[in-house]
Structure formats: structure tokens, C-alpha cells
Amino acid sequence: MFTALLDAARNSPFKTPFTKAQCDAGTVAPVRGRSIAAAATDEVEFGSTKFFLLCGLGGIISCGSTHTFVVPLDLVKCRLQVDQAKYKNVFHGFKLTLAEDGSRGLVKGWAPTFFGYSAQGAFKFGLYEVFKVQYANMLGEENAYLYRTWLYLGASASAEFFADMALSPFEAAKVKIQTMPGYASNMREAMPKMMGEEGIMAFYKGLVPLWCRQIPYTMMKFACFEKTVELLYAYVVPKPRDQCSKGEQLIVTFAAGYIAGVFCAIVSHPADVVVSKLNQAKGSSAIDVAKQLGFMGMWNGLMPRIIMIGTLTALQWFIYDGVKVALSIPRPPPPEMPESLKKKLGVQ
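Thresholds, definitions, all that
Residues numbered from 1 in each chain as written. Predicted model: local features only at pLDDT ≥ 70, side-chain atom pairs only at ≥ 80, totals over all residues. Heavy atoms only, no water. UniProt positions renumbered as here; feature names shortened; annotations may be inferred. Axes fitted to C-alpha atoms, helices over the stretch in contact; angles between N-to-C directions. Helix = DSSP H or I, 4+ residues; strand = E, 2+ residues; numbered from the N terminus. Parallel < 35°, antiparallel > 145°, perpendicular 65-115°, else oblique. Left-handed = near helix turned anticlockwise from the far one by under 90°. Nonpolar A, V, L, I, M, F, W, Y, C, P; charged D, E, K, R; others polar. Contact = heavy atoms within 4.5 Å. Salt bridge = Lys/Arg side-chain N within 4 Å of Asp/Glu carboxyl O. Buried < 20%, exposed > 50% of the residue type's maximum accessible area, 1.4 Å probe, protein only. Expected span 1.5 Å × (residues − 1). Arc of directions from axis to C-beta. Core = buried A, V, L, I, M, F, W, Y, C linked by side-chain atoms within 4.5 Å. Domains from an automatic or database assignment.

The protein chain appears in an unreviewed UniProt entry as Phosphate carrier protein, mitochondrial from Anopheles arabiensis. Per UniProt, the protein chain has the following entry under Sequence similarities (unreviewed entry): "Belongs to the mitochondrial carrier (TC 2.A.29) family." Word for word, the UniProt comment on the protein chain under Function (unreviewed entry) is "Transport of phosphate groups from the cytosol to the mitochondrial matrix."

Written out as C-alpha cells, the structure is:
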């Protein structure tokens, strides 16, 4: 299986410019418009086991750090979702939390957040790279270019399916800690208590609504980001990507990440409210919670979530791309139309 994945990655139309050794040997010619400057460095081989593992590491760093950073806003957002009558808005939520729990109350749930989203990030980013090259190879070079948006959507959905299995136990504990005063003060207390009360299902009863929240979110996160980067370089950035410094490229990454994040928040918000309420309500199902909330109730806390997810997504892409730069992980430029397709379409 892994041999097939590696072969698929090496043959993928999304791989980086050819290595220096290949170009020096004259066995291949670089694709027009692509820079081969990076090939002279000690870059990790695209599609190698090391490449995928380092991408997973980048996901751990980007997701674990950013989600932990916004724990105070996430806590207030969750409380707004489950008790709109008490926590009337974001500012009131912060004020009330500080009055009741002090400053330490704002970081409740940091441990399950850190460990849960680190695990999720490893699968999300690492498997996205795996599925992207595998699906591209299945489609072929021309179809991979023509249907690249569908490729991004399919690869990200597949990756998130597995990522949420890793996240679910930690997310359930986080919501209990943040939204049920007195239940548990930390993850070490919450998890054994949840296991004793409801068994293993306490950690996975929110998995289906988590999929409903995270899979659309991740599909939008990756597909919108990839397309936005492509459009920014085509119509906004005044020079080709290969002429931009790494710093300039990271600025484009951040901007595209924030734009993607706003759409992510809107698409996934109703399911996010259901997950928060479901993990608070013992013995309830996702359908029961949705009926109880009603349509308007499922949009509680949207504005703080847009702020949180927009910032979060931008920082995640910025950090992930920064890790790639620091570790010399291949960073392919926006895809270009294959020469064979240009000939068929008569494109110059």
C-alpha cells in the first residue's frame, strides 16, 4: 500500500520542480514558468515517507499551537452557544467569566485543546498531502488540473474523516470542562469521570456531528485556500511566485488563509453549536439537540467564531507554510496547465 502511495506521489502533477540531479543529467526539462531554484537545496524528497511525516509535524505545530492560543475566545464562544440567556454576547461572556472564575477561568480546557488539535493537525495536514497526490495520480495529469478543486475537496474530506477520530475524545472533555461548572477542572479529572458515567461512548457520541462540522470546514479550508492562493498570484500579486521572497510568499499564505477561514466558520457553525450542546447534554442525540435549538439557535455565537476561525485558519496556514520553509519541505507553486492539455486546447 505504502509503495503505491510513494509511487503516486512521485508521479503526481502537484509535485515540486525537478531535482537538481535530474536537471543536471538532462533526463528531464523543467516545466515552463516553474522555478528550480529550490532544487539546489537539500529539500526533502517529495512523496517520501519523510515528506509525509514532516507534513504531519507541521500540522501538529500549526493546529496545536493556534487552537491553544485562542482557548479564551473558544471558551466564551462555547458558553454563548449553550447558555445564550446567561452569556449575552462576547464581551459580557468575558466579563462574567472573569468575575466568576478569575483570569485562570479563561484558560479552562487548554490541555484537551492542545492534545486534541495537535493529533487532529497531524492527520489533517499529513493525510491531505497523501490523498492529494494519490487522487491526482488516479485522475491523471490533465484531469487533475481540470478538476483540481474537486481533488482538493476530496483529499481534505478524506483526511478530516480520520482526523476527527483522533480529536473526538479530547473535544468531548474540553466541552465538559468549559461549559459545565464544577464538573472537572482539568483533563485528568474529566476523562475518568466521563468514562465512569457513560463508558467509551462518552468520548465518541459527538463524532458524527463533529464530522458534520469539521469535514465541511476542512473542505472549505483547503479548497478555498488553494484557489485563493492561485487567484492572488494571478490577479493581485504584481510578480510571479518564483520571483517573490519567502517572506512575501508567507504574506500571501496568511491572506489566503484568513479569507478561507471566514467561509469555514460560516459553513461549519450550525454543527459546531450542536457539538457544544450535545457534549453538555447527557444522554441526548444530535437530532434532539438540533430540534431543541431550532434554526436560529444553531447560529448562536457566530460572530466570535468568525473572528476566531478567520484568525486561526490564517495562522495555521502561515505556521504550516513556515514549517515547510524551515524544514526544507517541498512547497509546490500553484498548478499550471500541462503542456499536453495546452496543445489539445490550442492555448499558448
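**Q** Would you explain the packing of helix 8 (residues 148-179) against helix 10 (residues 207-236) in this entry?
**A** Angle between the axes and distance between the axes are the two parameters that describe a pair of packed helices. Remark: helix 8 packs on helix 10, axes separated minimally by 7 Å, with the N-to-C direction vectors making an angle of 140°. By the angle between their axes, helix 8 is oblique relative to helix 10. Handedness of the crossing formed by helix 8 with helix 10: right-handed. Partitioned by chemical class, the residues of the contact of helix 8 with helix 10 number 13 nonpolar, five polar and eight charged.

**Q** What is the right way to look at the packing of helix 4 (residues 71-82) against helix 5 (residues 90-101) in this model?
**A** Running from N to C, helix 4 and helix 5 cross one another at 105°; their axes reach a closest spacing of 9 Å. Our classification of the angle between helix 4 and helix 5 gives roughly perpendicular. Residue-level inspection shows P72, L73, L75, V76, R79 and L80 of helix 4 in contact with helix 5, the latter providing V90, G93, F94, T97 and D101. Classifying every residue of the contact of helix 4 with helix 5 gives seven nonpolar, two polar and two charged.

**Q** Is there a simple way to think about the pattern of salt bridges in this case?
**A** A side chain with one charge may pair with a side chain of the opposite charge, provided their charged atoms come close. According to the stated counting rule, one finds 15 salt bridges in the structure shown. A salt bridge links D74 to K174, with the shortest nitrogen-to-oxygen separation between them at 2.7 Å. Of this pair, D74 sits in helix 4 while K174 sits in helix 8, and the two are 100 residues apart along the sequence. With a relative accessible area of 9%, D74 lands in the buried category. The shortest N-O distance in the salt bridge between D321 and R331 comes to 3.1 Å. Placement of the pair is D321 in helix 13 (residues 302-326) and R331 in the loop between helix 13 and helix 14 (339-345), with a sequence separation of 10 residues. For D321, a relative accessible area of 11% corresponds to the buried category. Overlapping salt bridges, with partners in common, bring together D74, E171, K174 and R213 in one network.

**Q** I tried to follow helix 12 (residues 286-297) on my own but got confused; where do I start?
**A** The periodicity of an α-helix, 3.6 residues per turn, causes residues three or four positions apart to be oriented the same way. Across its 12 residues, helix 12 extends only 14 Å between first and last C-alpha, which sits more than 12% below the 16 Å expected from 1.5 Å per residue. Within the sequence span of helix 12, burial applies to V289, L293 and G297. One side of helix 12 holds all its buried residues, which, seen down the axis, span an arc of 20°. Turned more than 90 degrees off the buried face of helix 12, the exposed positions are I287, K291 and F295.

**Q** Where do I start with the environment of F115 in this structure?
**A** Here F115 shows up in helix 6 (residues 110-139). The exposure class of F115 is partly exposed, given its relative accessible area of 42%. Not counting residues within four places of it along the chain, the set of residues in contact with F115 comprises F170 and M187.

**Q** Got a minute to help me understand the nonpolar core in this structure?
**A** Side chains of a nonpolar character, in soluble globular proteins, are inclined to be buried together. Counting 34 residues, the largest nonpolar core has F51, F125, Y128, F225, Y233 and W317 as the members making the most contacts within it. At the level of elements, helix 3 (49-69), helix 6, helix 8, helix 10, helix 11 (246-280) and helix 13 are the ones that each hand at least two residues to this core. No other element matches the seven residues that helix 10 contributes to this core. Of the residues that make up this core, three or more belong to each of domain 1 (45-204) and domain 2 (218-325). Counting 14 residues, the second-largest nonpolar core is a separate cluster that includes Y87, Y217, C264 and A265.

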